[in-house]
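Next come the chains, spelled out residue by residue.
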Amino acid sequence: MSIQKKRNEVSRLLRLSNRHRNVLRWSAGETEEHITMKFKICKTLKKWGHEFYTEAIFEPSGLRADVIDADTGVVYEVHNTEPKESLIQKALNYPLEVRFIDANVDFEEKMLL
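My aim in this report is to walk through the structure given alongside it, one point at a time. (Residues numbered from 1 in each chain as written. Predicted model: local features only at pLDDT ≥ 70, side-chain atom pairs only at ≥ 80, totals over all residues. Heavy atoms only, no water.)

1. Details of the environment of S17
- Locating S17 in the fold gives a position in the loop between α1 (3-11) and α2 (32-47).
- Judged by relative accessible area, S17 falls into the exposed class, the value being 59%. (Helix = DSSP H or I, 4+ residues; strand = E, 2+ residues; numbered from the N terminus. Buried < 20%, exposed > 50% of the residue type's maximum accessible area, 1.4 Å probe, protein only.)

2. What to know about the packing of aromatic side chains
- What the rule picks out here adds up to 1 aromatic pair.
- Relative to Y94, the ring of F58 lies with its centre 5.4 Å away and its plane at 50°, an arrangement referred to as tilted. Of this pair, F58 sits in the loop between β1 (52-57) and β2 (64-69) while Y94 sits in the loop between α3 (84-93) and β4 (97-102), placing them 36 residues apart in sequence. Accessibility classification places F58 together with Y94 in one group, the buried group. (Phe/Tyr/Trp six-rings, centres within 6.5 Å; stacked < 30°, edge-to-face > 60°.)

3. A look at the pattern of salt bridges
- For the structure shown, the criterion picks out 13 salt bridges.
- K38 is the partner of E55 in a salt bridge, and the nearest nitrogen-oxygen pair spans 2.6 Å. Of this pair, E55 sits in strand β1 while K38 sits in helix α2, and the two are 17 residues apart along the sequence.
- Residue E108 is joined to K110 by a salt bridge in which the shortest nitrogen-to-oxygen separation is 3.6 Å. (Salt bridge = Lys/Arg side-chain N within 4 Å of Asp/Glu carboxyl O.)

4. Overview of the nonpolar core
- Among the nonpolar cores identified, the biggest contains 13 residues, and M37, I41, L45, V67, Y76, I101 and L112 are the most heavily contacted of them.
- Top element by residues in this core is α2. It accounts for 4 residues.
- Among all residues touching V67, those that are not within four sequence positions of it are K38, I41, C42, L45, Y53, T54, V74, V75 and Y76.
- With 12 residues, the next largest nonpolar core counts A65, V75, Y94 and V98 among its residues. (Core = buried A, V, L, I, M, F, W, Y, C linked by side-chain atoms within 4.5 Å. Contact = heavy atoms within 4.5 Å.)

In C-alpha cells, the structure reads:
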C-alpha cells in the first residue's frame, strides 16, 4: 500500500473537524511529562517524514488518541498515572494498533519501532 493511501485511510477514521495534520495539540489537564513525551514522539515522526495527528478523535466512537502515525497506522498513547485497565480498554477499542509510551521514562526513538 502506498504511503498516501495509508495516510488517507487513517484520516478517514478521524472526525472531520479534528484532522489537524502535523500539529501538536494538548489539553490543560495533561501533565508536563505527558506533553513533553508527545512532543518528542511528534518531533521524531516529523524527522522521519511521517504524517501525524495529535488529540485526534475517532469516528464514530469519540475516542481521542494522543498521537497517530498516519504512515504506519499506529496510535501512541502516552501514560503516566492511568490505570492498567484503562490502557487495556483503549487497546481493545481503538481501530488501529496501539503502543503505550510511559511519560516517566527517557525518550528513545526505538520506542516507536
